[in-house]
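What follows is each chain in one-letter form.
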Amino acid sequence: MASLNKAEQLVRSAGAASLTVERVITQHSHSAAKAQAVLRLGIVVLVATELAVLSDVPYSALPLALLGAYGLWACALTVLAWSRRLAVAAASVVLLADLVLLTAVLTSSGGFERRGVGASLLDDAYLLIPPLAAFQIKPRVTALVAIASAASYFFGAGRAVPDNARPSVIVATLYLLAVGAACVLISWIQNARVETITALVQDRSRLLAEAVVIEERERQTLAESLHDGALQSILAARQDLEETREPLSARERGEALERVNSTLREVARQLRATASSLHPTVLEHSGLATAVRALGEAAAQRGKFSLSLDLTEPTPELDAHTKQLLFSAAREALTNVVKHARATRVAVSTVVEGEVVVLSVSDDGRGISTQAMEHSLSQGHIGIASQRLRIESAGGTMAVSRRPNGGTLVTVTLPRDSG
């Protein structure tokens, strides 16, 4: 049941992170649609100004009707964008419709040949189509619209201008493609930023879920330690005290009281060991080697295995963050040995190798496979995974492997100064 609750916490956290990211992306898409609507109205005004002011040749009803239709289209999209009713998935279709309507207006009005060299069109509406697409966070859509814009201009202007002006059309098309490429890069950067934010949100949610699980694990470990250790000893002392109520000789009464006294001393030792594991003051005052030694001895007593220690106190002294990471890793590894390994021999060592410190915990128990670790993680048991994440974030590594002759080897490598 506890494992199920842990898994549910992780799933709910991941779901909450996904919903948060989706809301951010949706909000961005609606803001982009509003910006596109404003720019689209600007294109309509620009084309209308060109047709009305910069040309002295009257137009037929078709281009004016098409321009009016484009204006109505732009106004309708503006209303939809501001009311947040414009479907995000329809963005690429809307952009291609813009291009079709704009090309139809310019073709029917003779806009491709009215002002001689077609390069001037780049100062008008076609130059604004790729930026119109760049507001989206979809680089592929932006690239598609940019290529379609360049192709529409190239074929439209190429057919309309005389042969001696076609090199200018080619140059203008290349410029249009260059603008499109810049817009694709902008869209790609926007998309990369969204992906980065997504990863950060997911990491934050995962770390919060892990913090909850770790807190639950620590409480469970404390409860088990108190129940299996101090509580059992207190119950034994109580039973000895109960015996003193019976009619006993002075020698028997003295032996019973001596057992009570011995048991209470053991209770005091167990409680000190438990308190030390929760807040290892010895780590602060006596150093890493002494703290890991106390940790190993307490684990050996709980797990009923023999302990081999080869501990080197690093000089100069490690920073507090590095010592805490190594101590936590040793505690996690020894806790797993006690709970799961069924080991008879355990070895713990710390070695300084240049600018790094290496902690090793090995046992001759059942060992653990990669599949077993993945299954344990899927069930919400993330102790080793959480330790590895903390160590890697400090620039170190944590490896868990199966020993050739049976058992498990945990190796932690950390830089001397990981703070």
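Position labels on residues start from 1 in each chain and follow its written sequence. For this predicted model, a pLDDT threshold of at least 70 governs which residues receive local features, and a threshold of 80 or more governs which side-chain atom pairs are given and counted, while totals over whole chains, interfaces and linings are taken from all residues. No hydrogens and no water enter the side-chain calculation; it runs on all heavy atoms of the structure.

### Some remarks on the overall build of the protein chain
Turning to step 1, where the next piece is worked out: Helix and strand assignments come from DSSP, with helices taken as H or I runs of at least 4 residues and strands as E runs of at least 2, each series counted from the N terminus. Counting its secondary structure elements, the protein chain contains 12 helices and 5 strands.
Turning to step 2, where the next piece is worked out: We call a residue buried when its accessible area falls under 20% of the maximum for its residue type, exposed when it is over 50%, and partly exposed in between, using a 1.4 Å probe and counting protein chains only. Counting the 419 residues in the protein chain, one finds 38% classified as buried.
Turning to step 3, where the next piece is worked out: Look at the contacts in the protein chain between residues 6 or more apart in sequence, and 72% of them connect residues 24 or more apart. Any pair of residues with heavy atoms lying within 4.5 Å of one another is described as a contacting pair.

### Regarding unusual backbone geometry
Turning to step 1, where the next piece is worked out: In this model, K304 sits at a positive phi of 60°, which is unusual for a non-glycine residue.
Turning to step 2, where the next piece is worked out: On the secondary structure map, K304 appears in the loop between α9 (288-303) and β1 (306-311).
Turning to step 3, where the next piece is worked out: Positive phi outside glycine occurs at R342, with the angle close to 55°.
Turning to step 4, where the next piece is worked out: In this structure, R342 sits in the loop between α10 (320-341) and β2 (345-353).
Turning to step 5, where the next piece is worked out: A relative accessible area of 69% means that R342 is categorised as exposed.

### Some points on the sheet that holds β2
Turning to step 1, where the next piece is worked out: At least two DSSP bridges between two strands are required for those strands to pair. A sheet is described by the order of its strands in space; here 5 strands give the open sequence β1-β2-β3-β5-β4, paired in mixed fashion. Edge positions in the sheet fall to β1 and β4 (397-402), since each of these pairs with one other strand and no more. The average undirected angle you get between the axes of adjacent strands in this sheet is 10°.
Turning to step 2, where the next piece is worked out: Bridging between β4 and strand β5 (residues 408-415) involves 6 bridges; their strand directions are antiparallel. In the strand pairing of β5, M398 is matched with V412.
Turning to step 3, where the next piece is worked out: Each of β2, β3 (356-363) and β5 touches α10; the most contacted strand, β3, lies at about 10° to it.
Turning to step 4, where the next piece is worked out: Fitting a line to C-alpha atoms yields each axis, with helices limited to the stretch in contact; the angle taken between N-to-C directions then spans 0 to 180 degrees. Of the strands in this sheet, β4 and β5 touch helix α12 (residues 383-393), which is tilted by about 145° from β4.

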